[in-house]
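Below, each chain spelled out in residue letters.
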Amino acid sequence: MCGIVGYIGKRNAVKVLINGLQRLEYRGYDSAGLSIVENGELVTFKKKGKVAELVKLLEDRNFDSTVGIAHTRWATHGEPSDINAHPHTDNSGKISIVHNGIIENYHSLKQMLISKGYTFVSETDTEVLAVLIGYFYEKTKDLEEAVRTALSEVQGTFGIAVLSSYEPDKIIAARRGSPMIVGIGENEFIVASDAAAIIQYTRQVIYLSDNEMVTLNRESYNTKTIDNVVTNNIIHLVDFDLSKIEKGGFEHFMLKEIFEQPQTIRDSFRGRLLVEEGEARLGGLLPVLDKLREVDRIIITGCGTSWHAGLVGEYLIENLCGIPVEVEYASEFRYRNPIIRKNDIVIAISQSGETADTLAAVQEAKQKNATVLGIVNVVGSSIARETNAGVYIHAGPEIGVASTKAFTSQLVVLSLIALFLGRMRNLSKIEGIQIARAIKELPSQVEKILDKAEQIREIAREFSYSRNFLYLGRGYNFPVALEGALKLKEISYIHAEGYPSAEMKHGPIALIDENMPVVFIAPKDEIYDKVISNIEEVRSRKGRVIAVATENDERITKFAERVIYVPDTLPMLTPILTVIPLQLLAYYMAVELGCNVDQPRNLAKSVTVE
Ligand code: G6P
């Protein structure tokens with residue numbers, strides 16, 4: 001969602017902060033700002049719009065400061081504006097804070113502060129926290145203590161960084177429900193909500209836990225809980241390199257990430273497939289092996305694209321393992337008082353590992369004594385740490401707001417889990433070997449699909465006139481229809497709906513006329529013939545059919561105006577291939593329409609608020 005970066009050390013703080021903001025901009029981007037202490041004074045610059053606007057504001061000014069905090073925002077309280085942008089200052093103008101998350105009791109805190117004569121200039125909950133810290137500072141004359149006391153009054157979530165000209169050689173940061181990572185350099189520290197802003201300077205990091213705060217001086221740091229108990233943190237090594245968060249010659253991160261998929265898919269199964277035994281080795285599940293043997297039901301939860309991956313997971317696990325599976329939006333699960341029985345296992349899927357609803361669903365499931373597993377991309381993220389066990393997808397940093405490579409890696413990991421659980425139950429060795437072999441083939445098959453990018457670009461050009469799209473698929477490819485439609489909506493703002501193909505006749509068929517493009521996901525599987533009947537239904541109403549089909553399927557050309565072929569694989573693995581043309585189609589449509597692919601309007605990469 002929003003991005004935070006703070007720096008204290010020997011370098012020019014403004015340069016480090018701007019660089020950090022640019023790396024974090026994918027998380028939220030309606031305004032940006034920074035505070036530094038320059039010649040003993042706290043100075044703040046903030047601007048509505050992208051980081052580039054802030055850069056313009058700072059042009060032609062020179063700063064020497066080596067300490068500062070900065071923020072890129074995705075509005076929750078208060079519309080995007082210069083005033084509502086972070087940082088926010090207290091009434092003395094000497095304490096500045098940046099904040100991710102939501103202060104739920106900001107209204108009552110604000111009333112309390114107003115009654116004591118404090119004033120506010122913005123509509124944000126963050127300013128209330130800044131003023132509250134100022135209020136406690138007047139009493140304690142100790143910044144760390146003021147921050148700690150203020151945070152203990154706060155309900156809600158926060159990742160914050162605080163800077164003050166009262167104590168200029170210090171940054172204080174804290175978290176509850178919103179990530180905060182401290183990069184440890186040589187006589188310098190960089191604190192950020194995302195490792196992407198840190199790794200250029202250091203690989204050594206500590207991850208703050210919920211209700212934990214850190215005080216960074218130039219040479220040292222200390223951590224404690226908001227209840228004032230000293231804590232010890234293990235230093236972790238972040239293992240991705242800078243090239244992974246740069247565009248590497250591609251026009252957009254999204255395109256780069258689509259093209260990375262042969263590699264990211266390989267990374268997801270590397271070291272985990274025992275082809276000759278027809279098994280999967282998943283070390284992350286060993287701590288819960290007994291539970292997995294006894295499991296009676298699996299509940300998969302997640303949001304957005306991760307929820308779509310969960311739907312494919314339902315088909316995979318039910319078909320291969322005979323275990324009943326339910327898939328539920330995390331936002332519903334958390335508030336629905338879900339029934340969790342003794343032998344139920346909950347699997348939370350999240351690229352970022354920070355989505356607020358998914359994290360809350362994990363906590364709800366734990367509260368009800370469920371065993372909770374994570375399928376997560378970001379190592380060390382909140383969901384990874386909250387779950388009892390899990391499997392990292394190893395897709396590397398995903399920067400494009402529309403998720404692509406994380407989805408295919410989630411599907412690979414779900415296939416591995418299904419294989420793993422299946423072999424613990426009734427799945428035969430022969431079937432296991434077939435599946436393992438087919439998984440190994442996926443990277444080269446994805447490469448073949450990527451070779452068709454130009455053809456898909458032409459289709460996008462041809463259909464970019466349309467304001468509506470329908471995506472239809474069945475079985476394993478019904479969730480792919482949903483995902484294809486979501487990609488298109490997210491980045492090109494074209495209205496698109498995904499449906500199970502057969503469900504079309506119960507409503508959406510009314511929309512079909514000669515202007516309506518319908519994308520059919522129709523690989524050669526057990527229900528291929530049924531899908532062909534559905535295509536005929538569309539054709540007879542003059543709908544324009546684009547089909548994603550299996551190589552060498554000549555028959556489909558009779559029914560579809562455009563066909564994009566994908567290589568043949570097992571039906572259970574088809575989503576990993578069929579989704580790729582749909583990612584490219586959405587991408588090229590958005591480019592064709594001049595949309596900002598990597599930073600679509602109103603969206604955020606990681607939604608850390610409800
Ligand atoms: C946001 C992103 C989506 C993503 C969803 C879940 O809405 O824009 O692309 O699928 O969050 O994110 P997660 O990190 O939990 O997978």
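Rules used in this analysis
Residues numbered from 1 in each chain as written. Predicted model: local features only at pLDDT ≥ 70, side-chain atom pairs only at ≥ 80, totals over all residues. Heavy atoms only, no water. Helix = DSSP H or I, 4+ residues; strand = E, 2+ residues; numbered from the N terminus. Buried < 20%, exposed > 50% of the residue type's maximum accessible area, 1.4 Å probe, protein only. Areas by Shrake-Rupley, 256 points an atom, 1.4 Å probe, with all protein chains shown as cover. Lys, Arg positive; Asp, Glu negative; His and termini not counted. Charge placed at Lys NZ, Arg CZ, Asp CG, Glu CD. Near = heavy atom within 4 Å. Polar contact = N/O pair within 3.5 Å; in protein donor to acceptor, adjacent residues only side chain to side chain. Axes fitted to C-alpha atoms, helices over the stretch in contact; angles between N-to-C directions. Parallel < 35°, antiparallel > 145°, perpendicular 65-115°, else oblique. Left-handed = near helix turned anticlockwise from the far one by under 90°. Contact = heavy atoms within 4.5 Å. Nonpolar A, V, L, I, M, F, W, Y, C, P; charged D, E, K, R; others polar. Pairing = 2+ DSSP bridges.

A.B. asks: Teacher, can you tell me more about the overall build of the chain here?
C.D. replies: A count of helical and extended segments in the chain gives 18 helices and 26 strands. Taking the principal axes of its C-alpha atoms as reference, the chain extends roughly 75 × 55 × 45 Å. Looking at the chain as a whole, 63% of its 610 residues qualify as buried. For the chain, the accessible area works out to roughly 22,900 Å², and carbon and sulfur atoms hold 46% of it. Within the chain, the 79 negative side-chain charges are centred at a point lying 1 Å from the centre of the 67 positive side-chain charges.

A.B. asks: Would you mind going over unusual backbone geometry with me for this structure?
C.D. replies: Leave glycine aside and you will find that most residues have negative phi; peptide bonds, for their part, are mostly trans. Backbone torsion omega between His86 and Pro87 reads 0°, so that peptide bond is classified as cis. Locating Pro87 in the fold gives a position in the loop between β4 (67-73) and β5 (88-89). Phi at Asn39 is positive, roughly 50°, even though this residue is not glycine. Inspection of the secondary structure puts Asn39 in the loop between β2 (31-38) and β3 (41-48). If you check the backbone angles, Asn228 has positive phi at about 75° while not being a glycine. Position of Asn228 relative to the elements: it lies in the loop between β13 (221-225) and β14 (236-237). A residue is classified by how much of its surface remains accessible, and Asn228, at 38% relative accessible area, is partly exposed.

A.B. asks: Any chance you could explain the site of the ligand here in plain terms?
C.D. replies: Not every one of the 14 residues close to the ligand is listed here, only the nearest: Ser306, Ser350, Gln351, Ser352 and Thr355. Interatomic distance of 2.6 Å between a side-chain N/O atom of Ser350 and an oxygen atom of the ligand. In this structure, Ser352 approaches the ligand through a side-chain N or O atom, which is 2.6 Å from an oxygen atom. Sort the elements by how many residues they give to the shell around the ligand and helix α9 (residues 304-321) lands first, with 3 residues.

A.B. asks: I tried to follow the packing of helix α4 (residues 125-140) against helix α5 (residues 143-152) on my own but got confused; where do I start?
C.D. replies: Angle between the axes and distance between the axes are the two parameters that describe a pair of packed helices. In contact at an axis separation of 8 Å, α4 and α5 are set at 130° when each is read in the N-to-C sense. Between α4 and α5, the interaxial angle falls into the category oblique. Between α4 and α5 the crossing geometry is right-handed. For the pair formed by α4 and α5, the contact residues are Leu129, Leu132, Ile133, Phe136, Tyr137 and Thr140 on the first element and Leu143, Glu145, Ala146, Val147, Thr149, Ala150 and Leu151 on the second. For the contact of α4 with α5, a count of residues per class yields 10 nonpolar, 2 polar and 1 charged.

A.B. asks: It is not clear to me how the packing of helix α7 (residues 261-269) against helix α13 (residues 405-424) should be interpreted in this structure. Could you clarify?
C.D. replies: Across the interface, α7 lies against α13 with an axial gap of 9 Å and an inter-helix angle of 30°. Taken together, α7 and α13 sit at an angle that is classed as roughly parallel. Crossing of α7 over α13 shows right-handed handedness. Packed against α7, whose contacting residues are Gln261, Thr264, Ile265, Ser268 and Phe269, the element α13 presents Lys405, Thr408, Ser409, Val412, Val413 and Leu416 at the interface.

A.B. asks: Before we go on, may I ask you to explain the pairing of strand β1 (residues 3-8) in this structure?
C.D. replies: Across a regular strand the side chains alternate sides, sitting on one face of the sheet and then on the other. Of all 6 residues that make up β1, 6 are buried, and the element is covered over most of its length. Alternating residues of β1 divide into Gly3, Val5 and Tyr7 and Ile4, Gly6 and Ile8, and every residue in both groups is buried. Pairing between β1 and strand β10 (residues 189-192): 4 bridges, direction antiparallel. Bridge assignment links Ile8 to a residue of β10, and that residue is Phe189.

Everything listed is a geometric property; what it means functionally is a separate question.
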